[in-house]
Structure formats: structure tokens, C-alpha cells
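Each chain is listed here by its residues.
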Amino acid sequence: MNNKLFSQNTNQSFSQKIKQQALQEPTGKGVIFIKSRKSDDKIHNMVSNICNHAEERDVEIVDIIVDESSGFDVDRSEVDRLWNWIENSPVGIIF
């Protein structure tokens, strides 16, 4: 019986933690990565919208990377730049 009670309490605690995590908004530093060959005006509008979204959530945008290449090769300088942020910085959010 004690095991069953322990299981129920563990499940309830886990469920409560998941609900709390779902309610928390991300904060910290973020990078915007856009892969698009659209016009500069459209890209500027996209960046502006993302920056507004980030500001509402207390996320500081530290870099904006626009990949305008037409290929899918991952050996692009833009992808390398993004990967550098992921591996070597406190950036935790990518838009």
C-alpha cells in the first residue's frame, strides 16, 4: 500500500511541476535565425515582429542571422554562426 501512495504522490508532484513549467515564459538571451530569400523589407518586418515577441517575454536578442542561400548544405557560414551561439554562449532561445 505504501508503494501505491508513494506513486500517487510522485505523479502528482510531477504533474504540478509540468504545469508550473508550462506557465513560465522563457527569459534570457536569444538569437533570431531566418532562412529566407524574401525581400529585405519582408525580412525587416519579420525581425521586427520577432523582436516585439521577444521583448514581451523579456528575452534579449543578441544576434540576428539571415541565411539567404538557396542550398540545403549545412556547411554554410550562417549555420556555423548559429551553431557557435548554441555551443559557446548563454543563449537559450532561438527564434
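Each value, and the rule that gives it
Residues numbered from 1 in each chain as written. Predicted model: local features only at pLDDT ≥ 70, side-chain atom pairs only at ≥ 80, totals over all residues. Heavy atoms only, no water. Helix = DSSP H or I, 4+ residues; strand = E, 2+ residues; numbered from the N terminus. Buried < 20%, exposed > 50% of the residue type's maximum accessible area, 1.4 Å probe, protein only. Contact = heavy atoms within 4.5 Å. Core = buried A, V, L, I, M, F, W, Y, C linked by side-chain atoms within 4.5 Å. Pairing = 2+ DSSP bridges. Axes fitted to C-alpha atoms, helices over the stretch in contact; angles between N-to-C directions. Right-handed = clockwise from strand over helix to strand, strands pointing away.

*Asks:* An account of the overall build of the protein chain is requested, with residue identities and associated values reported.
*Replies:* Counting secondary structure elements, the protein chain contains 3 helices and 3 strands. Going from the N terminus to the C terminus, the protein chain shows its helices and strands as α-β-α-β-α-β. The buried share among the 95 residues of the protein chain stands at 18%. A sequence separation of at least 24 residues applies to 70% of the contacts in the protein chain between residues at least 6 apart.

*Asks:* Help me get a handle on the environment of Ser-70, residues and values and all.
*Replies:* With respect to the helices, strands and loops of the structure, Ser-70 is situated in the loop between β2 (59-67) and α3 (77-88). For the pair formed by Ser-70 and Ser-36, sequence separation is 34 residues and the distance between their alpha carbons is 8.5 Å.

*Asks:* Mind laying out the nonpolar core, listing which residues take part and the relevant values?
*Replies:* Within the largest apolar cluster, 5 residues are counted, these being Ile-32, Ile-34, Ile-43, Val-47 and Ile-50. Elements that contribute at least two residues to this core include exactly β1 (28-35) and α2 (40-56). At 3 residues, α2 tops the list of elements feeding residues into this core. In this view, Ile-50 contacts Ile-32, Ile-34 and Phe-95; residues no more than four positions away in its chain are not counted.

*Asks:* Could you give me a rundown of the sheet that holds β2, with the residues and numbers involved?
*Replies:* Pairing is parallel in the open sheet, where 3 strands are placed in the order β2-β1-β3. Across the chains shown, the open sheet's two edge strands, defined by having one partner strand only, are β2 and β3 (93-94). Strands in contact with α3 are β1, β2 and β3; relative to β2, the strand with the most contacts, it is inclined by about 155°.

*Asks:* How would you summarise the pairing of β2 if you had to cite specific residues and measurements?
*Replies:* Looking at chain direction, β1 and β2 are connected through 8 bridges and run parallel. Across the sheet, the residue bridging to Gly-28 is Val-59, located in β2. With respect to chirality, the unit in which β1 leads through α2 into the neighbouring parallel β2 is right-handed.

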